[in-house]
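Structure assessment
Here are the chains, one letter per residue:
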Amino acid sequence: MIQNSILESIGKTPLVRLRKVTENIKATVAAKVEYLNPGQSVKDRIAIKMIDDAEEKGLIKPGGTIIEGTSGNTGMGLALVAAVRGYNCIFTTTDKQSKEKVDLLRALGAEVKVCPTNVEPDDPESYYSVAKRLSEEIPNSYYPNQYENLSNTQAHYETTGPEIWEQTDGKITHYACGMGTGGTISGTAKYLKEQNPEIKVIGIDSVGSVYKHYFETGEFSKDEIKPYKTEGIGEDIIPANVDFDLIDEVIQVNDRQAFLMTRDLSKREGLFVGGSCGAAVSGALEYARQTELKSSDLMVIILPDSGTRYISKIYNDEWMRENNYID
Ligand SMILES: Cc1ncc(COP(=O)(O)O)c(C=O)c1O
């Protein structure tokens with residue numbers, strides 16, 4: 001079959017059993033391998049959905065400009081959609097993101113503005129504020145805003161959730177997923193819990209993010225905010241796409257745990273993944289061990305992106321040593 005464009009190959013990613021990193025765990029643990037999307041991340045799913053919905057509502061017209069604040073993966077997805085459909089792209093990102101991600105976006109024809117990481121979200125220099133300002137200044141532009149745009153959650157409700165339900169023949173008992181914008185966890189969990197309300201949903205957060213404290217206390221605490229290096233998960237805001245009512249437990253993972261597991265997934269499972277994948281697996285397996293999952297349990301973990309984006313960091317021994325993640 002010939003596809004009309006590369007956009008038709010988004011989704012339908014494989015579910016792969018983890019065999020080696022799961023020592024002492026009786027349950028079946030399977031990973032949803034999202035780097036096999038054409039833009040090499042889970043974010044292709046929301047990119048096409050946000051633009052489809054915007055076109056339908058008349059929010060973007062031919063030749064228009066897509067403007068988004070992105071850690072890279074959403075930008076990559078949007079850049080693919082823009083290339084196929086004839087839009088321009090301007091992305092704002094932070095100086096914490098890998099150089100590879102910025103180079104990739106530029107390779108796809110996007111303009112990229114790098115903004116400082118360690119400023120308040122409402123600071124005029126923050127990547128959220130710059131994206132918003134540009135979208136107000138540039139005519140015929142559209143700001144998808146993956147944090148607040150509920151097409152993000154809806155994309156996962158329509159695709160990721162049903163795929164996991166079918167791939168596990170409805171036998172999934174636990175769903176573990178990193179929390180960035182919250183779209184992946186909320187949309188997928190909503191679909192899965194509608195099929196079986198007993199399914200437990202485990203959110204993976206980074207040490208230095210506000211989510212865990214907010215989930216447990218209902219309070220937003222600025223004291224929780226600390227710098228960390230894991231890209232894509234954890235936040236210093238509570239976006240509209242996170243639905244805490246669908247989440248049963250939040251586990252925080254530090255950079256060291258995340259990155260060592262990331263390297264293990266590559267070397268021991270043949271899964272060449274990014275840092276938030278190591279975080280998701282590390283947190284999910286911690287939960288599996290703590291709660292002593294049974295052999296009849298089936299846990300699915302989302303692996304959001306590819307190792308190609310982290311060659312100069314997590315997969316670079318020098319960088320790992322400089323940051324004291326390895327000896
Ligand atoms: C690498 C990576 N992992 C995980 C996530 C989290 O997914 P979500 O934004 O749907 O919560 C993101 C989101 O930006 C990401 O870029």
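What you are looking at is a predicted structure, and each value in this text was computed from that prediction instead of being measured. (Residues numbered from 1 in each chain as written. Predicted model: local features only at pLDDT ≥ 70, side-chain atom pairs only at ≥ 80, totals over all residues. Heavy atoms only, no water.)

Quick look at the pattern of salt bridges
- Counting across every chain of the model gives 20 salt bridges.
- Note that aspartate 53 is salt-bridged to lysine 49, the shortest N-O span being 3.4 Å. On the criterion of helical spacing, the pair formed by aspartate 53 and lysine 49 is a turn pair, its members being four residues apart in helix α1 (residues 43-56).
- One salt bridge in this structure joins glutamate 194 and lysine 190, with 3.8 Å as the shortest N-O distance. (Salt bridge = Lys/Arg side-chain N within 4 Å of Asp/Glu carboxyl O. Helix = DSSP H or I, 4+ residues; strand = E, 2+ residues; numbered from the N terminus.)

Notes on the layout of surface pockets
- Empty space within the second largest pocket amounts to approximately 200 Å³.
- Together, Leu7, Ile10, Gly11, Lys12, Arg45, Ile48, Lys49, Asp52, Ala155, Glu158, Thr159 and Glu163 line the second largest pocket.
- For the lining of the second largest pocket, the secondary structure elements donating two or more residues are α1 and α5 (151-158).
- Of all the elements, α1 adds the most residues to the lining of the second largest pocket, at four residues.
- For the lining of the second largest pocket, the class distribution of residues is four nonpolar, two polar and six charged.
- Structurally, the lining of the second largest pocket is a two-domain feature, drawing no fewer than three residues from each of domain 1 (6-36 + 150-322) and domain 2 (43-142). (1 Å grid on protein atoms, 1.4 Å probe; cavity = no way out; pocket = protein on both sides within 12 Å on 5 of 7 lines; lining within 4 Å. Points joined across faces, edges and corners; volume = space filled by probe spheres on them. Nonpolar A, V, L, I, M, F, W, Y, C, P; charged D, E, K, R; others polar. Domains from an automatic or database assignment.)

Here we look at the site of the ligand
- Surrounding the ligand, one finds 17 residues, the nearest of these being Lys43, Gly180, Thr181, Thr184 and Ser276.
- A distance of 3.2 Å is found between an oxygen atom of the ligand and a side-chain nitrogen or oxygen belonging to asparagine 73.
- Interatomic distance of 2.7 Å between a side-chain N/O atom of serine 276 and a nitrogen atom of the ligand.
- Relative to its free-state accessible area of 380 Å², the ligand is covered by the protein chains to the extent of 97%.
- The residue inventory of the shell around the ligand, partitioned by class, reads four nonpolar, ten polar and three charged.
- Counting contributing residues per domain, the shell around the ligand is built from domain 1 (6-36 + 150-322) and domain 2 (43-142), each supplying no fewer than three. (Near = heavy atom within 4 Å. Polar contact = N/O pair within 3.5 Å; in protein donor to acceptor, adjacent residues only side chain to side chain. Areas by Shrake-Rupley, 256 points an atom, 1.4 Å probe, with all protein chains shown as cover.)

Concerning the side chain of threonine 230
- Tracing the sequence through the fold places threonine 230 in the loop between α8 (211-217) and β9 (249-253).
- On the accessibility criterion, threonine 230 (1% relative accessible area) is buried.
- At 2.6 Å, the side chain of threonine 230 forms a polar contact with the side chain of aspartate 255.
- If sequence neighbours within four positions are ignored, threonine 230 has contacts with Lys96, Ser206, Asp255, Ala258, Phe259, Gly275, Ser276 and Ala279. (Buried < 20%, exposed > 50% of the residue type's maximum accessible area, 1.4 Å probe, protein only. Contact = heavy atoms within 4.5 Å.)

A word on the packing of aromatic side chains
- Scanning the entire structure with this criterion turns up ten aromatic pairs.
- Note on tyrosine 214 and phenylalanine 244: the rings are 5.1 Å apart at their centroids and 45 degrees apart in plane angle, and the pair reads as tilted. Here tyrosine 214, found in helix α8, pairs with phenylalanine 244, found in the loop between α8 and β9; they are 30 residues apart in sequence, far enough to count as distant.
- Take phenylalanine 244: its relative accessible area is 16%, and that puts it in the buried class.
- Residues tryptophan 319 and tyrosine 325 carry aromatic rings whose centres are separated by 5.8 Å and whose planes lie at 50 degrees to one another, so their mutual orientation is tilted. (Phe/Tyr/Trp six-rings, centres within 6.5 Å; stacked < 30°, edge-to-face > 60°.)

Thoughts on the sheet that holds strand β4 (residues 88-94)
- Spatially, four strands are ordered β5-β4-β3-β6 in an open sheet, and the strand pairing comes out parallel. On the outer flanks of this sheet lie β5 (111-115) and β6 (141-142), each paired with one strand and no other.
- Two strands pair when backbone bridges link them, and strand β3 (residues 65-69) and β4 are joined in this way by five bridges, in the parallel orientation. Note that in β4 the partner of glutamate 68 across the bridge is phenylalanine 91.
- Against the sheet, helix α2 (residues 73-85) contacts β3 and β4, and its axis sits at roughly 175 degrees relative to β4.
- Across the face of the sheet, helix α3 (residues 99-107) comes into contact with β4 and β5 while running at roughly 155 degrees to β5. (Pairing = 2+ DSSP bridges. Axes fitted to C-alpha atoms, helices over the stretch in contact; angles between N-to-C directions.)

Notes on the state of the cysteines
- Tallying each qualifying case throughout the model produces zero disulfides.
- Its sulfur unpaired, cysteine 115 is 16 Å from the next cysteine sulfur, which belongs to cysteine 89.
- Classification of cysteine 115 as buried rests on a relative accessible area of 6%. (Disulfide = S-S within 2.5 Å.)

Considerations on the packing of α5 against helix α6 (residues 160-167)
- At a minimum axis separation of 3 Å, α5 and α6 run at an interaxial angle of 20 degrees. Compared by their axis directions, α5 and α6 come out roughly parallel. Residues Ala155, His156, Tyr157 and Glu158 of α5 form the contact with α6, whose own contacting residues are Thr160, Gly161 and Pro162.
- Here the residues of the contact of α5 with α6 are counted per class, giving three nonpolar, three polar and one charged. (Parallel < 35°, antiparallel > 145°, perpendicular 65-115°, else oblique.)

What about the nonpolar core?
- Leu18, Leu265, Leu271, Val281, Met299 and Ile301 are the most contacted members of the largest nonpolar core, which totals 38 residues.
- At the level of elements, β2 (28-33), β8 (200-206), β9, α9 (255-269), α10 (275-290), β10 (298-303) and α11 (317-322) are the ones that each hand at least two residues to this core.
- Top contributing element to this core by residue count: α10, with eight residues.
- In this structure, Ala47, Val81, Ala110 and Tyr142 belong to the second largest nonpolar core, which totals 22 residues. (Core = buried A, V, L, I, M, F, W, Y, C linked by side-chain atoms within 4.5 Å.)

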